[in-house]
Amino acid sequence: MDLDKLYRKSLDLIPLTSGEGVFLYENAPLEELMLIGNRLRQVHVPGSHAGWMIDRNVNITNICFSRCSFCNFCRRKESPEAYVTSLDDYKRKIDELYALGGDQVLLQGGMNPELGLDFYTGLFRDLKKLYPDLKLHALGPPEIVYLSRKENLSYREILKKLIEAGLDSLPGAGAEILSDRVRRRVSPAKAKTGEWLGVMREAHRLNLPTSATMMYGHVETIAERIEHLIKLRDLQHQRQKGHYGFIAFIPWPFQDEGTLLSSVQGIKSSYNGPDYLRLISLSRILLNNITNIQASLLTVGREVAILALNAGANDLGSVMIEENVVSAAGSKNRFDAGEIQAIIREAGFEPGRRDQKYLPA
Ligand code: SF4
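Procedures and definitions
- Residues numbered from 1 in each chain as written.
- Predicted model: local features only at pLDDT ≥ 70, side-chain atom pairs only at ≥ 80, totals over all residues.
- Heavy atoms only, no water.
- Core = buried A, V, L, I, M, F, W, Y, C linked by side-chain atoms within 4.5 Å.
- Buried < 20%, exposed > 50% of the residue type's maximum accessible area, 1.4 Å probe, protein only.
- Helix = DSSP H or I, 4+ residues; strand = E, 2+ residues; numbered from the N terminus.
- Contact = heavy atoms within 4.5 Å.
- Pairing = 2+ DSSP bridges.
- Right-handed = clockwise from strand over helix to strand, strands pointing away.
- Disulfide = S-S within 2.5 Å.
- Axes fitted to C-alpha atoms, helices over the stretch in contact; angles between N-to-C directions.
- Parallel < 35°, antiparallel > 145°, perpendicular 65-115°, else oblique.
- Left-handed = near helix turned anticlockwise from the far one by under 90°.
- Nonpolar A, V, L, I, M, F, W, Y, C, P; charged D, E, K, R; others polar.
- Near = heavy atom within 4 Å.
- Phe/Tyr/Trp six-rings, centres within 6.5 Å; stacked < 30°, edge-to-face > 60°.
- Lys NZ or Arg CZ within 6 Å of the ring centre and 35° of its normal.

What follows deals with the nonpolar core. In terms of nonpolar packing, the biggest core is built from 104 residues, with Leu24, Leu107, Phe124, Leu162, Phe249 and Leu316 touching the most fellow members. Looking at this core element by element, the count peaks at 7 residues for helix α12 (residues 273-286). Here Leu24 is in contact with Leu3, Leu6, Tyr7, Ser10, Leu16, Leu33, Arg278, Leu282 and Ile285, once residues within four sequence places are set aside.

Rendered as structure tokens:
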């Protein structure tokens, strides 16, 4: 294969095959990939702004039956550390969020066998009654699959009831790597590849804004990373004209500290900065129909994030006021609103504060 031909094809927004994606990943010089990623960024998101936002992660519960081997956050019901967040705690946390100028919560947590659809719809309604303009970016495909089984309802019915109760957008949580070989090793009790994609297909049909993610750097191959991107691109291609589909793609590396995957299976994170930049550029190249690529400042830190904004990414995500899942597995990065804007400026862009739909806030 000829690198120049593949670059031309990428710049013409022609979808690359998985073989071509793997070839680029393994053979293209990093600086060339970054250049192509950066030029494509200007095609999808022209201009000198890079996005950021303020939101708050509130974990609904840390009780989870799934026991994914990369997760340090979940607890068994009997654990003294197990919790289900109370309404008073939500109020305190959301009041703090509003005081800092944010109006969105990312509600995630474990799949607690004792919590069904009524619990989530009741929670969303209570929060919207208290804070009518609060945006709920909540749950993810694995929870929808779990609720669908528990309640014997279709994904569509579950999503419609959650939307009626106040769900504003669905995060792409739990994608890890969209390969059942990988999922059998790292998260065997969680939604399979087809289920994850099936939930997102229904969300797109309902015109619910969604994002897509990738948690990489554990047991997957390069070909599986590329296949993951192509599955997202193919699903995005099926969305109805004018529907949101995937608004953004956000890849982040496996954080191994204290995880069973590391201590029992001996799998350490393969993360390194150049490889992350390669992945960001390849994401921009392969995802020719997803507008926003977000670099995970929280997991890769300042220096790599600055380079990522020059490799195809156009966003650094959120000043995450509270984050307990990746930080439980070793991520020590924390940034306030001033720091995230300074990082964007250092990368050569103007900070553009945005909302969950990537519109100016
Ligand atoms: S990653 Fe999510 S689904 Fe998996 S064990 Fe942790 S909380 Fe449960």
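Now, onward.
Moving on to the pairing of strand β4 (residues 210-216). The buried count for β4 comes to 7 of 7 residues, which makes it a mostly enclosed element. Side chains Thr210, Ala212, Met214 and Tyr216 of β4 all project onto a buried face; the interleaved residues Ser211, Thr213 and Met215 project onto the opposite face, where all are buried too. Bridging between β4 and strand β5 (residues 246-253) involves 7 bridges; their strand directions are parallel. Following the sheet pairing, Ser211 is matched in β5 by Ala248. Read as a crossover between parallel neighbours, the route from β4 over helix α10 (residues 222-237) to β5 is right-handed.

Okay, the environment of Thr121 next. Secondary-structure assignment places Thr121 in helix α5 (residues 117-130). Judged by relative accessible area, Thr121 falls into the buried class, the value being 9%. On a C-alpha basis, the gap between Thr121 and Arg67 in space is 25 Å, while along the polypeptide they are 54 residues apart. Ignoring any residue separated from it by four or fewer positions in sequence, one finds Thr121 in contact with Lys161, Leu162 and Ala165.

This part is about the state of the cysteines. This structure, assessed with the given rule, holds 0 disulfides. No disulfide involves Cys74; its nearest neighbouring cysteine sulfur is the one of Cys71, lying 4.1 Å away.

Moving on to the packing of helix α3 (residues 30-44) against α12. Two packed helices can be described by the angle between their axes and the distance between those axes. It is the contact of α3 with α12, at a shortest axis distance of 8 Å, that shows an interaxial angle of 40 degrees. The orientation of α3 with respect to α12, classified from their angle, is oblique. Viewed along their axes, α3 and α12 form a crossing whose handedness is left-handed. In contact with Leu30, Leu33, Met34, Ile36, Gly37, Leu40, Arg41 and His44 of α3, α12 contributes Pro274, Leu277, Arg278, Ser281, Leu282, Arg284 and Ile285. For the contact of α3 with α12, a count of residues per class yields 9 nonpolar, 3 polar and 3 charged.

Here the focus is the site of the ligand. Close to the ligand lie Cys64, Ser66, Arg67, Cys68, Phe70, Cys71, Phe73, Cys74, Gly110, Met111 and Lys190, which account for all nearby residues. Residue classes in the shell around the ligand are distributed as 7 nonpolar, 2 polar and 2 charged.

The full count for this structure, using the stated rule, is 6 aromatic pairs. Ring centres 5.2 Å apart and planes at 85 degrees place the aromatic pair Phe119 and Tyr120 in the edge-to-face group. Phe119 sits in the partly exposed class, given a relative accessible area of 26%. Given the relative accessible area of 1%, Tyr120 is considered buried. Among the aromatic residues, those joined into a ring-pair cluster are Tyr216, Tyr271 and Tyr276. Taking the ring centre of Tyr358 as reference, the NZ or CZ of Arg354 above it sits at 3.6 Å.

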